[in-house]
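Here is what each chain is made of, one letter per residue.
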Amino acid sequence: MIEVQDLTKAYGPVTAVDHVSFTVKKGEILGFLGPNGAGKTTTMRILTGFMPATSGTARIAGFDVFQDSLEVRRHIGYLPEAPPLYPDMTVEAYLDFILRIKNVPADKRQDRIKDALEKTNLVDKRPELIKRLSRGYKQRVGLAQALVHDPDVIILDEPTVGLDPKQIIEVRHLIKNLAGNHTIILSTHILPEVSMTCDRVVIINKGKIAAVDTPQNLTAQLKGGQRIHIDVQAPEKPLRELLEKIPGASRAQVTSARADGHVTATIEAAPGKDIRSQIAAKIVQQGWPLYELHGISVSLEDIFLELTTDEEAHAQPAN
Amino acid sequence: MRSLYAIYRKEIGHYFVSPIAYVVVSLFLLLSGFFFRLYLSDAVEQSLQMEVQSMRFGGMQPFDAPSQILRVFLGFLALVILFFLPMLTMGVYAEERKRGTIELLMTSPIREIDIVLGKFFASLTLFAVMLLPTAGYIFYVFLHSDPAPPLRVIFAGYLGVILFGGSLMALGSFLSSLTENQIIAAALTFGAFLLLWAIDFGTRGTGSATGQVLQYLSVINHFDDFTRGIIDTSGLVYYLSFIVFFIFLTVRSVDSMRWRRA
């Protein structure tokens, strides 16, 4: 549905997007993850035809975003970073205007408006002026605007910004429900959002793609395998020696030692090995009381930080 | 065409739902009503004096009061328009850019020309709405004059005002598309139009080639003919090409927003 090839955008000497390539299949939700200023918005603006790329190509529904911009724009719904609202319009009049500029025939407009209002939970705000709505509602009107004409592709730039936690859950739910019939790209810098809503994640940093995969694979793929946290009442040095001798443990680190004898430590296991039972057995053998032992599942957060902070170091040899 | 109409509808709504239209139209009508009364009593007094003089001395030209009123009043309208229209056009694009709604328009399946024409026709409509009552004043004078001058004189006069105002709005819209700041847009429009108005001031009455060119370029010179009830082709061509030229520039300017953003 969406094919992006070597997309590059330079603002004078600054390269905002640097040879970005990815594809999105029909019905898929793709998350665009990256710190602020990573090039998420620029990529989305190129895809929507709002600005041209410096080089590279992007195709939506088979149409080139630059050559057949008008045709591409017929297939997309787009929520920019700041929802593009007319404060003097009512919610209904606004959505009607959107349907008109998206060329939706008159007999379908009422149904489409009703549908979009229901999906975004705005039914009771229908006759209200947009300028009187709170920020969360405005954001939802922006969202309604992106999907009211039932486009094939929906592009959402930070769709949950400005919403309260309950609304965020609603919007994520809504986005999940839209997938299948619609192909969705959404950008965010909030990590849980990606693992909760997206089928695939593109991690982008400083204009370059750092990783593309499913959230599960990214989590599994982290170097070093599993990490185990323990809390034992034991002398520090012998404990460390003991832990280091366990086969399969690649690194043991004492993280804190308290006056009452409690020591906490993390052990990194080699990939694919579960050494939790061995650790427990060894400690109990020594007669040390074991208070806590649990595996730390690596969050997307760790991957994200690793990928985006190690970027500099990895970039050099790669070139 | 449908998209053009959608933009037109939205713009009209923007003018008439917000207070803009009401403030501008009522102030304009207040001013024009006040000055019309002034010109009317002036002309009546003048024509009475003329009548007295012709009775005393005989053989004087009859005084054409209605045409006199039309000319002076339309001249006054042109001046008021110079102050009012920049305020109507200053936000046309600047506001969309500032609010980010231009991003919505430019990622929707509509062409730039539809956006520009829709907006232009909407501001032209508002202008016509604010002018219409003043045509009523003139019509009233013509109705009560004896002999009544032909109504096509009013038509020609108001065609001139619409063309003159349309030029000003085409220029104003273009300048609004260059900036995010409405004050800058209004000041530029006012300044540029005043300059075009006064461009031939030094050369009036001289027959030099430059003088003639400048006189042709001046936006107000062609207006005079219309106020006399004459539809002059050169004036018609001048204003229409002025409008088309600036609409063209606006389309280019809106299109170039895609490239300029840095």
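Residues numbered from 1 in each chain as written. Chains lettered and ligands numbered in written order. Predicted model: local features only at pLDDT ≥ 70, side-chain atom pairs only at ≥ 80, totals over all residues.

(A) View of the overall build of chain B. When helices and strands are tallied, chain B shows 11 helices and 0 strands. Starting at the N terminus and walking to the C terminus, you meet the elements of chain B as α-α-α-α-α-α-α-α-α-α-α. On the principal axes, the C-alpha backbone points of chain B span a range of 75 × 45 × 30 Å. Going through the 262 residues of chain B one by one, you find that 35% of them count as buried. Considering only residue pairs separated by 6 or more positions, chain B has 76% of its internal contacts joining residues 24 or more positions apart. (Helix = DSSP H or I, 4+ residues; strand = E, 2+ residues; numbered from the N terminus. Buried ≥ 20, exposed ≤ 12 C-beta atoms within 10 Å, placed from the backbone. Contact = placed C-beta atoms within 7 Å.)

(B) Looking closely at the nonpolar core. Counting residues in each nonpolar core, the largest one holds 127 residues, and the members touching the most others are Tyr94(A), Leu95(A), Ala144(A), Ile155(A), Ile185(A) and Phe164(B). Here the element with the most residues in this core is helix H7 (residues 152-176) of chain B; it accounts for 11 residues. (Core = buried A, V, L, I, M, F, W, Y, C linked by C-beta atoms within 7 Å.)

(C) Quick peek at the packing of helix H3 (residues 91-101) of chain A against helix H4 (residues 106-119) of chain A. All names here are of chain A. Across the interface, H3 lies against H4 with an axial gap of 10 Å and an inter-helix angle of 125°. Taken together, the axes of H3 and H4 lie oblique to each other. In the crossing of H3 with H4, the sense of the turn from one axis to the other is right-handed. Residues Glu 92, Leu 95, Asp 96 and Leu 99 of H3 form the contact with H4, whose participating residues are Arg 109, Arg 112, Ile 113 and Ala 116. (Axes fitted to C-alpha atoms, helices over the stretch in contact; angles between N-to-C directions. Parallel < 35°, antiparallel > 145°, perpendicular 65-115°, else oblique. Left-handed = near helix turned anticlockwise from the far one by under 90°.)

(D) Highlighting the interface of chain B and chain A. Chain B puts 21 residues into the contact, and the matching count from chain A is 22 residues. Contributions of two or more residues to the side of chain B that touches chain A are made by helix H1 (2-17), helix H5 (101-106) and helix H11 (233-260) of chain B. At 7 residues, the largest contribution of residues to the side of chain B that touches chain A is made by H1(B). Of the residues belonging to the side of chain B that touches chain A, the class tally is 8 nonpolar, 8 polar and 5 charged. (Nonpolar A, V, L, I, M, F, W, Y, C, P; charged D, E, K, R; others polar.)

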